[in-house]
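Below, each chain spelled out in residue letters.
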Amino acid sequence: QVQLVESGGGLVQPGGSLRLSCAASGSIFSINAMGWYRQHPGKQRELGARITRRGSTNYADSVKGRFTISRDNAKNTVYLQMNSLKPEDTAVYYCNADIRIATTLKLQGYWGHGTQVTFSS
């Protein structure tokens, strides 16, 4: 069993910052890419940012320059530092990871349950 647990969401004011965390736990052999996706009400889930095991990153244009993704491989954790937040950043943020399971060595994609980020005016 593998779990991804997100934390750090909440209410944010104009121009504010939040830091999201996502910790993977369970029968993990290794973790390849990890990422943060977001889903606005009534819309499909979309990529926010992604990071490889070696630290290469890519960002959606909408968050580039404002969000920073990072990871701690020793802790199986990925972070998303969100600065200069805007109303359109209001969404549910989901963690995603490509994990090789220790028991089978099979590579699978996993999702967290999501954490809500709400813009407060």
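Just above, that's the structure.
These numbers come from a predicted model, not from an experiment.

Definitions and limits used
- Every chain begins its residue count from 1, and numbering advances along the sequence as written.
- Predicted model: local features are reported for residues with pLDDT of at least 70 only, side-chain atom pairs are reported and counted for 80 or more only, and whole-chain, interface and lining totals are derived from all residues.
- Hydrogens and waters are ignored; side-chain quantities use all the structure's heavy atoms.
- The helix count covers DSSP runs of H or I at least four residues long, the strand count covers runs of E at least two residues long, and both are numbered beginning at the N terminus.
- In this description, the term disulfide denotes a pair of cysteine sulfurs within 2.5 Å.
- A 1.4 Å probe rolled over the protein chains alone gives each residue an accessible area, and that area as a share of the maximum for its type sets the label: buried under 20%, exposed over 50%, partly exposed in between.

*Asks:* Which residues make up unusual backbone geometry, and what are the values?
*Replies:* A positive phi angle, close to 55°, is found at Asn76, a residue other than glycine. Looking at the element boundaries, Asn76 is found in the loop between strand E7 (67-72) and strand E8 (77-82). Even without being glycine, Leu105 reaches a positive phi, approximately 60°. The topology assignment puts Leu105 in the loop between strand E9 (91-101) and strand E10 (107-111).

*Asks:* Lay out the state of the cysteines in plain terms, naming residues and giving numbers.
*Replies:* Under the defined criterion, the tally for this structure stands at 1 disulfide. One disulfide bridge connects Cys22 with Cys95, the sulfur atoms lying 2.1 Å from each other. Here Cys22 and Cys95 share a disulfide; its torsion about the S-S bond, -80°, makes the bridge left-handed. On the criterion of sequence distance, the pair formed by Cys22 in strand E3 (residues 18-26) and Cys95 in strand E9 is long-range, its members being 73 residues apart. Residues Cys22 and Cys95 agree in their burial class; the two are buried.

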